[in-house]
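# Report on the structure
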Amino acid sequence: MKPRFSHQRTQALTLTEVLVVIFVFAFAVALLLPALAAAKRKHARINCISNLKQIGIAYRLWEGDNNGKYPMSVSVTNGGAMELIATGNVAAVFEVMSNELSTPKILLCPEDTHRTYATSFSTGFSSANISYFVNPDAVETYPQMILDGDDNLLVDGKRVQSGILNLWTNSSIAWTKDRHHGVGNIGMADGSAMQVTSEGFQRANREALNSALTPGSATNRLLIP
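The structure contained in this document is the topic of the report that follows. (Residues numbered from 1 in each chain as written. Predicted model: local features only at pLDDT ≥ 70, side-chain atom pairs only at ≥ 80, totals over all residues. Heavy atoms only, no water.)

This part is about the nonpolar core. Ile55, Tyr59, Met72, Phe94, Leu101, Leu107 and Phe125 are the most contacted members of the largest nonpolar core, which totals 32 residues. When residues of this core are traced back to their parent elements, those giving at least two are α1 (15-64), α3 (90-96) and β1 (132-134). Here the element with the most residues in this core is α1; it accounts for 7 residues. Excluding residues that lie within four positions of it along the chain, leucine 101 makes contacts with Ile55, Ala58, Phe94, Ile106, Leu107 and Phe121. (Core = buried A, V, L, I, M, F, W, Y, C linked by side-chain atoms within 4.5 Å. Buried < 20%, exposed > 50% of the residue type's maximum accessible area, 1.4 Å probe, protein only. Helix = DSSP H or I, 4+ residues; strand = E, 2+ residues; numbered from the N terminus. Contact = heavy atoms within 4.5 Å.)

Right under this line is the structure:
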């Protein structure tokens, strides 16, 4: 038998149909991009809180082996970082806890674009690899004291600089917009971590001052990397 051949021509898409397809595709992309961006931001926030929780665990493990004290309260001669933090040396605190932290990568917020990951605590490790401030006066026995947190802070309208920062009871505190969409994460002296707004940070600062070692203390010190 002779094969049959179709005499029907395959029709190409018309210009109108092509434009409709392009429009539908562009519309779908426009709908998906914000959702993907929001999912990415949420993932970064979760990772940041996870970092602070891991750091909090490291503090608790370290103080368990050092008479209930964090590195900021133990002399260098006894393996702590007390004298070094007097100059604002944040990196020294985490170097002391290197065994408990395991990796310096957890010291960098996923949304911190100004710093880089460190590969080890022994080579070139510095504040350039740290996204989180440290409260040198935090102690485990006062669980509501702020221990650490994102360092992208505005105090009285100015971005904080590296070194020792004094937060007063009437300080105006806010997060910058370059991380977590204007909110931030803090860790507490009891090892917990949470996301807070600028108002939430100010409230936590006041509560921390109320639970400080010296009742009525008017300032809360932070070490900014």
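Next comes the rest of the description.
A few words now on the pattern of salt bridges. If you walk through the whole model with that rule in mind, you get 9 salt bridges. Here arginine 115 ties to aspartate 151 by a salt bridge, and the two come within 2.8 Å at their closest N and O atoms. Of this pair, arginine 115 sits in the loop between α4 (98-101) and β1 while aspartate 151 sits in the loop between β2 (146-150) and β3 (153-155); the two residues are 36 residues apart in sequence, bridging distant segments of the chain. Between aspartate 150 and arginine 179 there is a salt bridge, and its shortest N-O distance comes to 3.4 Å. Here aspartate 150, found in strand β2, pairs with arginine 179, found in the loop between β6 (173-175) and β7 (184-188); they are 29 residues apart in sequence, far enough to count as distant. For arginine 179, a relative accessible area of 1% puts it in the buried group. (Salt bridge = Lys/Arg side-chain N within 4 Å of Asp/Glu carboxyl O.)

What follows deals with the sheet that holds β6. Within a sheet, neighbouring strands are paired by backbone hydrogen bonds and run either parallel or antiparallel to one another. Overall, antiparallel pairing links the 3 strands, which are arranged β4-β3-β6 in an open sheet. At either end of the open sheet lies a strand with only one pairing partner, and these are β4 (158-159) and β6. For β3 and β6, the ladder comprises 3 bridges, and the chain directions are antiparallel. Considered in β6, the bridge of valine 155 is made with isoleucine 173. Across the sheet, helix α5 (residues 198-210) lies against β3 and β6, angled at about 140° from β6, the strand it touches most. (Pairing = 2+ DSSP bridges. Axes fitted to C-alpha atoms, helices over the stretch in contact; angles between N-to-C directions.)

Working note: non-glycine residues mostly have negative phi, and peptide bonds are mostly trans. Of note in the backbone geometry, asparagine 67 takes a positive phi value of approximately 55° without being a glycine. Here histidine 180, not a glycine, exhibits a phi torsion of approximately 55°, which is positive. The residue histidine 180 is located in the loop between β6 and β7 in this model. Overall, the relative accessible area of 0% leaves histidine 180 in the buried class.

Another point: the pairing of strand β8 (residues 193-196). Sheet topology note: the β7/β8 ladder contains 4 bridges and is antiparallel. Of the residues in β8, the one forming a bridge with glycine 187 is alanine 193. Between β7 and β8, which pair antiparallel and follow one another directly, the connecting turn spans 4 residues, one of which, glycine 191, has a positive phi of 95°.

Moving on, we come to the packing of aromatic side chains. A complete count under the given rule lists 4 aromatic pairs for this structure. Seen in terms of ring centroids, tyrosine 59 and tyrosine 70 are 5.0 Å apart; in terms of plane orientation they differ by 65°. Their pairing is edge-to-face. Placement of the pair is tyrosine 59 in helix α1 and tyrosine 70 in the loop between α1 and α2 (82-85), with a sequence separation of 11 residues. Its relative accessible area of 0% is what places tyrosine 59 among the buried residues. The exposure class of tyrosine 70 is buried, given its relative accessible area of 1%. When the centroid spacing of 5.1 Å and the interplanar angle of 65° are considered together, the rings of phenylalanine 121 and phenylalanine 125 count as edge-to-face. Using a relative accessible area of 9% as the deciding quantity, one classes phenylalanine 125 as buried. Chaining the aromatic ring pairs together yields one cluster made of Phe133, Trp175 and Phe201. (Phe/Tyr/Trp six-rings, centres within 6.5 Å; stacked < 30°, edge-to-face > 60°.)

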